[in-house]
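# Structural features, examined
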Amino acid sequence: MQKVPVLLFLAWVCFLFYAGIALFTSGFLLTRLELTNQSSCQEPPGPGSLPWGSQGKPGACWMPSRFSRLVLVLIDALRFDFAQPQRSHVPGEPPVSVPFLGKLGSLQRILEIQPHHARLYRSQVDPPTTTMQRLKALTTGSLPTFIDAGSNFASHAIVEDNLIKQLTSAGRRVVFMGDDTWKDLFPGAFSQAFFFSSFNVRDLHTVDNGILEHLYPTMDSGAWDVLIAHFLGVDHCGHKHGPHHPEMAKKLSQMDQVIQGLMDRLENDTLLVVAGDHGMTVNGDHGGDSELEVSAALFLYSRTALFPSAPPEEPEVIPQVSLVPTLALLLGLPIPFGNIGEVMAELFSGGSDSYPHTSALAQLSALHVNAQQVSRFLQAYSAATQDLHAKELHRLQKLFSKTSASYQQLLQNAQEAEASLKTLMAELQQFLRGARALCIQSWARFSLVRMAGGAALLAAACFLCLLASQWAVSPGFLFRPLLLTPVAWGLTWATLYAGLLVTTGAEVDSVVLGAVAAAGSLLPFLWKAWVSRGSPRLLAPLLPVPPPLLLLLLLRLATFFSDSFVVAEARATPFLLGSLILFMVAHLHWEGQLLPPKLLTLPRLGSSAPAGPPRHTGTYALRLGFGLLLCTRLAGLFHRCPEETPACHSSPWLSPLASMVGGRAKNLWYGACVGALVALLVVVRLWLRRYGNLKSPEPSVLFVRWGLPLMALGTAAYWALASGAEETPPRLRALVAGASAVLPRAVVGLAASGLMLLLWRPVTVLVKAGAGPSRTRTILTPFSGPPTSQADLDYVVPQIYRHMQEEFQGRLERTRAQGPVTVYQLGSVYSAAVVTALVLLAFPLLLLHVERVSLAFLLLFLQSFLLLHLLAAGTSVTTTGPFTVLWQAVSAWALLATQTFYSTGHQPVFSAIHWHAAFVGFPEGHGSSTWLPALLVGANTFASHILFAGSRLPTAPALAFPM
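Because the structure is predicted, anything quoted here is derived from the model rather than measured.

What counts and what doesn't
- Residues numbered from 1 in each chain as written.
- Predicted model: local features only at pLDDT ≥ 70, side-chain atom pairs only at ≥ 80, totals over all residues.
- Heavy atoms only, no water.
- Helix = DSSP H or I, 4+ residues; strand = E, 2+ residues; numbered from the N terminus.
- Buried < 20%, exposed > 50% of the residue type's maximum accessible area, 1.4 Å probe, protein only.
- Contact = heavy atoms within 4.5 Å.
- Areas by Shrake-Rupley, 256 points an atom, 1.4 Å probe, with all protein chains shown as cover.
- Axes fitted to C-alpha atoms, helices over the stretch in contact; angles between N-to-C directions.
- Parallel < 35°, antiparallel > 145°, perpendicular 65-115°, else oblique.
- Left-handed = near helix turned anticlockwise from the far one by under 90°.
- Nonpolar A, V, L, I, M, F, W, Y, C, P; charged D, E, K, R; others polar.
- Pairing = 2+ DSSP bridges.
- Disulfide = S-S within 2.5 Å.
- Patch = residues over 30% accessible without salt bridge, like charges linked within 9 Å, V, L, I, M, F, W, Y side chains within 5 Å.
- Salt bridge = Lys/Arg side-chain N within 4 Å of Asp/Glu carboxyl O.
- Core = buried A, V, L, I, M, F, W, Y, C linked by side-chain atoms within 4.5 Å.
- Phe/Tyr/Trp six-rings, centres within 6.5 Å; stacked < 30°, edge-to-face > 60°.
- Lys NZ or Arg CZ within 6 Å of the ring centre and 35° of its normal.
- pLDDT = per-residue confidence, 0-100.
- Expected span 1.5 Å × (residues − 1).
- Polar contact = N/O pair within 3.5 Å; in protein donor to acceptor, adjacent residues only side chain to side chain.

For the protein, the helix and strand inventory stands at 30 helices and 12 strands. Within the protein, the fraction of its 963 residues that count as buried is 51%. Sequence-distant contacts in the protein: of pairs separated by 6 or more residues, those separated by 24 or more amount to 77%. Split by element, the accessible area of the protein, about 43200 Å² in all, is 64% carbon and sulfur.

Shown next, in the form of structure tokens:
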């Protein structure tokens, strides 16, 4: 076997997988076309005269402005119920005691004292509920698509028309302070700006205190027309402690003081808007579409009367994008070109002293301008792309034309009956809401053809790998003929497809072109498989899979095509894992293999005595199976509920110790976490000591003896600092901050040193004479050098093991006169190195999680050890033939990785990503670096898969082999 053909084959397989994934994601993660058209005062949104009330107004744009200044206060993650008052206790019902209720008391006081000057709304947010996407919606009035969620931390300048661009074009002075995401979205747009880093979700006060340092002096100076303050403390408090923590009450009280201070400083020509960009879940996260995440608070206040009536008992629900056209018209600006929001008509009524007919006509004019702008956008968008549903678009345009003609007739006779006004307002609102629904439906439409094609391509690539793994062990098989024909076919089909597109004048899609090339390269292989479909050789890869296990794998595969099973995956995976464990125990019983590895039944080297009876009975595998089931059940206690199951209650053990209230409970939990850490270290050392892996004087073994305890000590010390950082005296905070940065880095440095020692001396075997002079020697890497024959490739592990047996057999004959010789670490010569590497990886990965997840990590290692022994109970290392990995082993590791993913508090949604991991060892942030925080968050997210991917190597337990 030559290296180059194998590498080329692997490159071809990678190309197939990447092409399939790209084709699937292009049909699932949709994008929409962003038009760069701009609205302007010189170009009205549609034909006809100016809106009613604009005639004769100097400087009137699309409508005369009602306010010359705006103060926009964005409180990140201000959930709607945060603005609700504390509920009074009703006799017979349990008292309500939630820390965040009633803390924004200034809003309720203003609503009661000045009902015509203020209004509280429930702002309905469109998913994804991530900050960058919400800022785009709050400034453009448009909607993001699914792929936008991935760019929340890689913001780019907004190219669409937006409020900030309209303000700067009109010469307004815009001053900003707060979240530095705005700097990337609107570069150079602010006359004055105070940006603060937003990524450190553990920092509750830096951004808010920085804003307060500049907010009131800037407001008093008067050198502004629009003042924007984006506070982050509430959002970060939710991420760190959750909404029910007393710290949330403190942050909301601070925001209440800020709002009260701003209202005291307002002038008559200034509008105050307090808004949340999104909500948060019961765990303090956001990013999804649950009710708590898409429900935000919106509060408007002015010293002049805004509303003709008092606020309703239940706040009105409005789409978040409706704020954009409302603010644009109130400030005398054109509505951004791509807006699809509906103007809040009641704000244009003229206040409580306006005549009803005049008020209704003003509201109708605002709605008509808004409808003209949306109609113009739909026409431009449909001309540029075919995304919108043609039939529904035609119906909406017909409705708008009819309503617009009626409006123009109404302007000719302003004293028309009030019923006509209400009818026209209802029709315009129907058009605006229909247009928004049309865009939502079109921009969230999946391409089922691309998704199915991508899935089929991935399935074919997996089938290729399955058959190639079987063909590779056949005598005389070469990879070179397998490569030439597919490459030629792939290039041919790609050339034909590209030529067809160029001939027809269609645009070449690189994703589809790559998929066509990949599919074309697979055609010869699929044809060969079809022709040989009756051959036993083709079905050979599937024959080793027991039918019950094959059924289990098919069930697991089917779950990915069901939304219900995906939502319930955290509960379905332990069930499948338990079923697999029971099957393996039953399978051992059926095959008569309820024994330890066959190596234990071999006679000692140098002895011809027959093998003795098994050292364990059938209860051995039963105990292993029971232990695995118990650990699986205990791991299920650590779970985070998906947002689709509101009746579920997440485990409280997944929150950090710093969020706990009560010193005694925190100390008890800290002791339990350190105990789990010590237990993990003790279990690993006992496992290695039992099989003689701690007897060698090699550096890697010495590191296991002394380096691992140091890593455990550093981890425990870091946990102590992190859990008590809030209670640290001021004079010690600098010292604690320094130690919080040094300790994780020291643990990672020790882990890296240990891994380097393992790479330097990965395999060690200790030979010790039992009598005579001390004779202790370490044999390094018994099988050195590359394989020299096909047999070496087919029987790598058995050949290595047999080579070692023969070497020590000859040494035994030469030293028989000196007494018996014992060889340590022979049975565990490979698994011990892998287990040590996994432990070294586990400590840095554990640091990236909250402290109480150490209990889940302990269960992870216990499950690994038990599963290794259970798998080895029916595996013989002396069996002739190629070394193969059992399907039971692969399936068990995959299910264990998925189960541990959920038991460490993860969910496959944006809102469950553990962003705090980016600041372990870097409490002050990373500056402009993005790769390191991405690496830390990625390692936290895929920690279980990293560990289990490595632990698939040792499939036999470590054994001491006495001679």
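For the rest of this paragraph, the subject is the packing of helix H21 (residues 663-690) against helix H27 (residues 854-872). Relative to each other, H21 and H27 sit at 25°, their axes nearing to 8 Å. When the interaxial angle is binned, H21 and H27 end up roughly parallel. The handedness of the crossing between H21 and H27 is left-handed. Of the residues in H27, those in contact with Trp 669, Ala 672, Cys 673, Ala 676, Ala 679, Leu 680, Val 683, Val 684 and Trp 687 of H21 are Ser 854, Leu 855, Leu 858, Phe 861, Leu 862, Phe 865 and His 869. Of the residues that constitute the contact of H21 with H27, the class distribution is 14 nonpolar, 2 polar and no charged.

Taken across its 8 residues, strand S7 (residues 295-302) has 8 buried, putting it largely inside the fold. Side chains Ser 295, Ala 297, Phe 299 and Tyr 301 of S7 all project onto a buried face; the interleaved residues Ala 296, Leu 298, Leu 300 and Ser 302 project onto the opposite face, where all are buried too. With 7 bridges joining them, strand S2 (residues 118-124) and S7 adopt antiparallel strand pairing. Note on S7: the bridge partner recorded for Leu 120 is Phe 299. In the sheet, strand S6 (residues 270-275) pairs with S7 via 5 bridges, with the strands oriented antiparallel. Bridge assignment links Val 274 to a residue of S7, and that residue is Phe 299.

The sheet built from 8 strands is open, its strands ordered S4-S3-S5-S1-S6-S7-S2-S8 with mixed pairing. The open sheet has two edge strands with one neighbour each: strand S4 (192-196) and strand S8 (317-319). This sheet shows a mean twist of 20° between the axes of neighbouring strands, independent of strand direction. Sheet strands in contact with helix H2 (residues 105-113) are S2 and S7, and its direction is about 125° off that of S2.

Within the secondary structure, Pro 64 sits in the loop between helix H1 (3-28) and strand S1 (69-75). By relative accessible area, which is 26% here, Pro 64 ends up partly exposed. Separated by 269 residues in the primary sequence, Pro 64 and Leu 333 place their C-alpha atoms 8.7 Å from one another.

Per the stated rule, a full pass over the model turns up 1 disulfide. Of all cysteine sulfurs in the structure, the one in Cys 465 sits closest to Cys 462, which takes part in no disulfide; the separation is 6.4 Å.

So, about a nonpolar patch on the surface. Taken together, Phe 463, Trp 489, Trp 493, Leu 496, Leu 523 and Leu 526 make up a surface patch of nonpolar side chains, about 550 Å² in accessible area. Residue contributions to the nonpolar patch peak at 3 residues, all from helix H14 (residues 480-504). Summarising the element assignment, Leu 523 is placed in helix H15 (residues 510-531).

Let us look at the nonpolar core. The biggest cluster of nonpolar side chains holds 82 residues, and the ones touching the most others in it are Phe 861 and Leu 870. Top contributing element to this core by residue count: helix H26 (residues 831-847), with 12 residues. Look past the residues within four positions of Phe 861 in its chain and what remains in contact with it is Leu 680, Val 684, Leu 838, Val 839 and Ala 842. Counting residues in each nonpolar core, the second largest holds 81 residues, with Phe 176, Leu 333, Val 374 and Leu 411 among its members.

Contact pair H27 / helix H28 (residues 887-903): the axes reach a minimum separation of 11 Å and the direction vectors enclose 170°. It follows from the interaxial angle that H27 and H28 lie roughly antiparallel. Here Ala 856, Leu 860, Gln 863, Ser 864, Leu 867, Leu 868 and Leu 871 of H27 come into contact with H28, specifically with Gln 888, Ala 889, Ala 892, Trp 893, Leu 896, Gln 899, Thr 900 and Ser 903. A class-by-class count of the residues in the contact of H27 with H28 yields 9 nonpolar, 6 polar and no charged.

With that settled, consider the packing of aromatic side chains. Taken as a whole and assessed by the stated rule, the structure comprises 16 aromatic pairs. Note on Trp 687 and Phe 865: the rings are 5.3 Å apart at their centroids and 15° apart in plane angle, and the pair reads as stacked. Placement of Trp 687 in helix H21 and of Phe 865 in helix H27 is noted, with a sequence separation of 178 residues between them. There is no split in this pair, since Trp 687 and Phe 865 are both buried. Three or more aromatic residues link up through ring pairs in this structure, and these residues are Phe 176, Trp 182, Phe 186, Phe 190 and Phe 195. The ring of Phe 307 carries the charged tip of Arg 119 above its face, separated from the ring centre by 4.0 Å. The positively charged end of Arg 745 is found above the aromatic ring belonging to Phe 922, 4.4 Å away from the centroid.

Scanning the entire structure with this criterion turns up 14 salt bridges. Salt-bridge contacts for Glu 342 lead to Arg 433; the nearest nitrogen and oxygen are separated by 2.9 Å. Residue Glu 342 is found in the loop between helix H9 (323-330) and helix H10 (356-384), and its partner Arg 433 is found in helix H12 (residues 418-443); the two are separated by 91 residues along the sequence. The class for Glu 342 is buried, based on a relative accessible area of 14%. Residues Glu 427 and Lys 402 are paired through a salt bridge, measuring 3.0 Å at the closest nitrogen-oxygen approach. Of this pair, Glu 427 sits in helix H12 while Lys 402 sits in helix H11 (residues 390-412), placing them 25 residues apart in sequence. In this structure Glu 427 comes out as buried when scored by relative accessible area, which is 16%.

Next up on the list: the environment of Phe 922. The residue Phe 922 is located in the loop between H28 and helix H29 (931-941) in this model. Overall, Phe 922 belongs to the partly exposed group, its relative accessible area being 21%. A C-alpha to C-alpha distance of 9.2 Å links Phe 922 and Pro 933, two positions 11 residues apart in sequence. Sequence-distant contacts of Phe 922, defined by excluding residues within four places in its chain, comprise Arg 745, Leu 932 and Leu 936.

The next subject is unusual backbone geometry. Its identity is not glycine, yet Ala 77 carries a phi of approximately 65°, on the positive side. You can see Ala 77 is positioned in the loop between S1 and H2.

This part takes up the confidence of the model for the protein. When pLDDT is averaged across the protein, the result is 79; 78% of the residues are at 70 or more. Confidence drops under pLDDT 50 across residues 148-154; counting only partners more than four residues distant or on other chains, this segment forms 16 contacts. Under a pLDDT of 50 for its full length, residues 595-616 has, in the predicted model, 39 contacts with residues more than four places off or in other chains.

If you check H11, its first and last C-alpha atoms are 34 Å apart, about what 23 residues at 1.5 Å a residue would give, namely 33 Å. Buried residues of H11: Leu 393, Leu 396, Gln 397, Leu 399, Phe 400, Thr 403, Ser 404, Tyr 407, Gln 408, Leu 410 and Leu 411, and no others.

Quick look at the environment of Gln 84 now. Along the polypeptide, Gln 84 turns up in the loop between S1 and H2. Once the C-alpha coordinates of Gln 84 and Leu 107 are considered, the two residues, 23 residues apart in sequence, prove to be 8.9 Å apart. Those residues in contact with Gln 84 that lie beyond four places of it in its chain are Leu 101, Gly 102 and Gln 108.

Moving on, we come to the side chain of Arg 640. Along the chain, the position of Arg 640 falls in the loop between helix H20 (619-635) and H21. When its relative accessible area of 13% is taken as the criterion, Arg 640 is described as buried. Separated by 2.8 Å, the side chain of Arg 640 and the backbone oxygen of Gly 905 make a polar contact. Here Arg 640 is in contact with Asn 283, Asp 285, Ser 650, Leu 654, Gly 905, Gln 907, Ala 912 and His 914, once residues within four sequence places are set aside.

Moving on: the pairing of S1. For S1, a buried count of 7 out of 7 residues is recorded, marking the element as mostly surrounded by other parts of the structure. Burial along S1 is two-sided: Arg 69, Val 71, Val 73 and Ile 75 and Leu 70, Leu 72 and Leu 74, pointing in opposite directions, are all buried. Pairing between S1 and S6: 6 bridges, direction parallel. Across the sheet, Val 71 pairs through a bridge with Leu 272, a residue of S6. Relative to strand S5 (residues 226-231), S1 is paired through 6 bridges, and the arrangement is parallel. Within S5, the position partnered with Ile 75 by the bridge is Phe 231.

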